[in-house]
Amino acid sequence: MATLSEAYRENPLHLHHIIPLDFSSVMTLPDSHAWSLSNDDIDYFSFNGEVGSSMTIPIIDLMDPNAMELIGHACEEWGAFQLKNHGIPLSLIEEVEEEAKSLFALPTEQKLRSLRSPSGATGYGRARISQFFPKSMWHEGFTIMGSPYEDAKKIWHDDDCARFCDLMEKYQKQMRDLSEQLTKMMLNSLDISEEEMKRVISSNMCGALQLNFYPKCPEPKRAMGLAPHTDTSLFTILHQSQTTGLQIFNEEGIKRWVPVHPNPNLLVVNIGDIFHIISNARFRCALHRVTVNKTKKRYSVAYFYCPPVDYVVSPLDLNSVARFRHVTLKEYIGIKAKNFGQALSLIST
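Everything numeric in this text was worked out from a predicted model, so none of it was measured.

Engineer: Just checking my understanding: could you explain the pattern of salt bridges for this structure?
Structural biologist: Pairing between side chains becomes possible if they bear opposite charge and their charged atoms approach one another. On inspection of all chains with the given rule, the structure shows 17 salt bridges. With a shortest N-O distance of 3.8 Å, Arg 163 and Glu 95 are connected by a salt bridge. Of this pair, Arg 163 sits in helix α6 (residues 158-189) while Glu 95 is found in helix α3 (residues 90-104), placing the two residues 68 residues apart along the sequence. You can call Arg 163 partly exposed: its relative accessible area is 41%. Its relative accessible area of 31% is what places Glu 95 among the partly exposed residues. Here Glu 196 and Arg 199 are joined by a salt bridge, their closest N and O atoms 3.0 Å apart. Residue Glu 196 and its partner Arg 199 are both found in helix α7 (residues 194-200); the two are separated by three residues, about one turn of the helix. Relative accessible area serves as the criterion here: at 36%, Arg 199 is assigned to the partly exposed category. Through salt bridges with shared partners, one network takes in Glu 95, Glu 99 and Arg 163.

Have a look at this one:
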């Protein structure tokens, strides 16, 4: 059975889209990372746009008896929500964040030992979306799928490597269990049949863990941590450190970017393209971006949850005409790798 890594292997990147800037060596914003401002608030992929500080992403208590309905409503209205009482120990989340901080604090030459290969999906490097934008992002990351040992052993030896791997695998297991619970609740909110639900949730579900680092930036208003994008996944579960940066685009009324302020007791869940397709566009896929800070570093840990790569993705909620054609996850990854912002429109019926 094909893996998520193999799906990305068929869509290689150029090396210059993988190697991050050595942020410790720059004191001013290089032209390669200087984004021009746009006054076009309607363009979802513009750099600039009004920020609605008075709006908030819904906060849902997983223990609430009405959690399923609340989650379904948030997915339809926002494509995102914040989750409390999620069952992931805060101590584990804090340990994973500390490991991420230790990793990104290493000398550049040490991190580059685990550089993601052009056809690879794991290891150290820039965000995969970098190739689609004319300017670079103020970001470096480390991607894990399953055991991180093969990449981690290139950076650390013995105890440090073992600790990193054990924590990341433990965190992925917790994320997988939570993801399965959330998937069932989301499908139930769509009134999906038990048979179809079993087809979506299989023992071969895929997951990827992304550690993100956004260094302090000399000119944050001219830089971008992560440019506007939607995730390919069913959904993504995000922990963010206590520095504001994540923004989600609200499409209702006055279109604006809404900041998601960090809270150590909350996880952010955002819907990806695959659930948007499965729900026949009832669930929004959350367009989001990350801004950077002049005085504070920012870290985040994102878990992407996907069906198997050979799973045939198609609308399951058919109270109306199907809005998308059938496509395997592997095929969709290939379409998006070549047509980043137009992937969903290219499979529209």
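That was the structure; now back to the text.
Engineer: What exactly am I supposed to notice about the packing of helix α2 (residues 67-77) against α6 here?
Structural biologist: A pair of packed helices is captured by two measures, namely the crossing angle of their axes and the spacing between those axes. Running from N to C, α2 and α6 point in directions that differ by 75°, and their axes come no closer than 8 Å. When the axis of α2 is compared with that of α6, the two are roughly perpendicular. On α6, the residues that touch Ala 67, Met 68, Ile 71, Gly 72 and Cys 75 of α2 are Leu 182, Met 185, Met 186, Asn 188 and Ser 189. When grouped by side-chain class, the residues that make up the contact of α2 with α6 number seven nonpolar, three polar and no charged.

Basis of the calculations
Residues numbered from 1 in each chain as written. Predicted model: local features only at pLDDT ≥ 70, side-chain atom pairs only at ≥ 80, totals over all residues. Heavy atoms only, no water. Salt bridge = Lys/Arg side-chain N within 4 Å of Asp/Glu carboxyl O. Helix = DSSP H or I, 4+ residues; strand = E, 2+ residues; numbered from the N terminus. Buried < 20%, exposed > 50% of the residue type's maximum accessible area, 1.4 Å probe, protein only. Axes fitted to C-alpha atoms, helices over the stretch in contact; angles between N-to-C directions. Parallel < 35°, antiparallel > 145°, perpendicular 65-115°, else oblique. Contact = heavy atoms within 4.5 Å. Nonpolar A, V, L, I, M, F, W, Y, C, P; charged D, E, K, R; others polar.

Function cannot be inferred from these measures alone, as they are strictly geometric.
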